[in-house]
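# What the coordinates show
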Amino acid sequence: SLHDALPIWLYLKAKWTDTRLREQTLFEQARVIAGYLKSGSNNSITLNLPARLAEAYSSPESEYHYAVRNENGQYLFDSGAAASALPVFSRARQKLYDYDPDGPGPLRVFGAALRIEVGHRTVFVQVEQKTRDPDYLRLAVVDEFITDGGWLVIPFLLVLLGVSIWIVKRA
């Protein structure tokens, strides 16, 4: 019945939303880093990240790290933590991937890679997120709802109480 299917639909919708938000976030971070790549003299490439952004990626507490690689897969720039091997690109200019770096367990790495042109060279920008809890985003959304929308419970309960009193009086 519809009543039985609703929790399943809500779970699937939440899982899909979680995945889409993670993907969009990773691609956006890769685009931001790509925006700081510049072509220099002798066909060289420079990366001038603002200090706060570079620190955010290189901090030991950071879940995120990045790598910029040349067309042969060699590192040009990175945040200090090794990124996984480049995913296989067909015609796509961007690619999502994920892997389990330590076998079965709570640790999971999600990544996005972009193929871009800087000057006359092709480079790949990777951004990865290492997380222990794949449900982190869902928990954050629930926490945000409780924090920002928790006040909605009081008017709902008052309306429910009023309707209950009205029903009892009519009976």
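Now for a quick tour of the structure.

Definitions and cut-offs
Residues numbered from 1 in each chain as written. Predicted model: local features only at pLDDT ≥ 70, side-chain atom pairs only at ≥ 80, totals over all residues. Heavy atoms only, no water. Buried < 20%, exposed > 50% of the residue type's maximum accessible area, 1.4 Å probe, protein only. Helix = DSSP H or I, 4+ residues; strand = E, 2+ residues; numbered from the N terminus. Pairing = 2+ DSSP bridges. Core = buried A, V, L, I, M, F, W, Y, C linked by side-chain atoms within 4.5 Å. Contact = heavy atoms within 4.5 Å. Patch = residues over 30% accessible without salt bridge, like charges linked within 9 Å, V, L, I, M, F, W, Y side chains within 5 Å. Areas by Shrake-Rupley, 256 points an atom, 1.4 Å probe, with all protein chains shown as cover. Salt bridge = Lys/Arg side-chain N within 4 Å of Asp/Glu carboxyl O.

## Regarding the pairing of strand β6 (residues 108-118)
The side chains of a regular strand alternate, residue by residue, between the two faces of the sheet. Where burial is concerned, most of β6 is hidden: nine out of the eleven residues are buried. The pairing of strand β5 (residues 94-99) with β6 spans six bridges and is antiparallel. In the sheet register, Gln94 faces β6, and the bridge partner there is Leu114. Looking at chain direction, β6 and strand β7 (residues 121-131) are connected through eleven bridges and run antiparallel. Within β7, the position partnered with Arg108 by the bridge is Thr131. The turn joining β6 and β7, which pair antiparallel and follow one another in sequence, is formed by two residues; a positive phi near 65° is taken by Gly119.

## Quick look at the nonpolar core
Across soluble globular proteins, nonpolar side chains show a tendency to be buried alongside one another. Within the largest apolar cluster, 20 residues are counted, with the highest numbers of intra-cluster contacts made by Ile33, Leu37, Tyr66, Val68, Ile116 and Val125. For this core, the secondary structure elements donating two or more residues are α1 (2-35), β2 (45-47), β3 (64-69), β6 and β7. The contact partners of Tyr66, leaving out residues within four places of it in the chain, are Ile33, Leu47, Leu49, Tyr57, Phe77, Asp78, Ser79, Gln126 and Val127.

## Section: a nonpolar patch on the surface
Residues Val153, Phe156, Leu157 and Leu160 make up a contiguous nonpolar surface patch of about 390 Å² in total accessible area. Inspection of the secondary structure assignment puts Val153 in helix α4 (residues 153-170). For Val153, a relative accessible area of 44% gives the class partly exposed.

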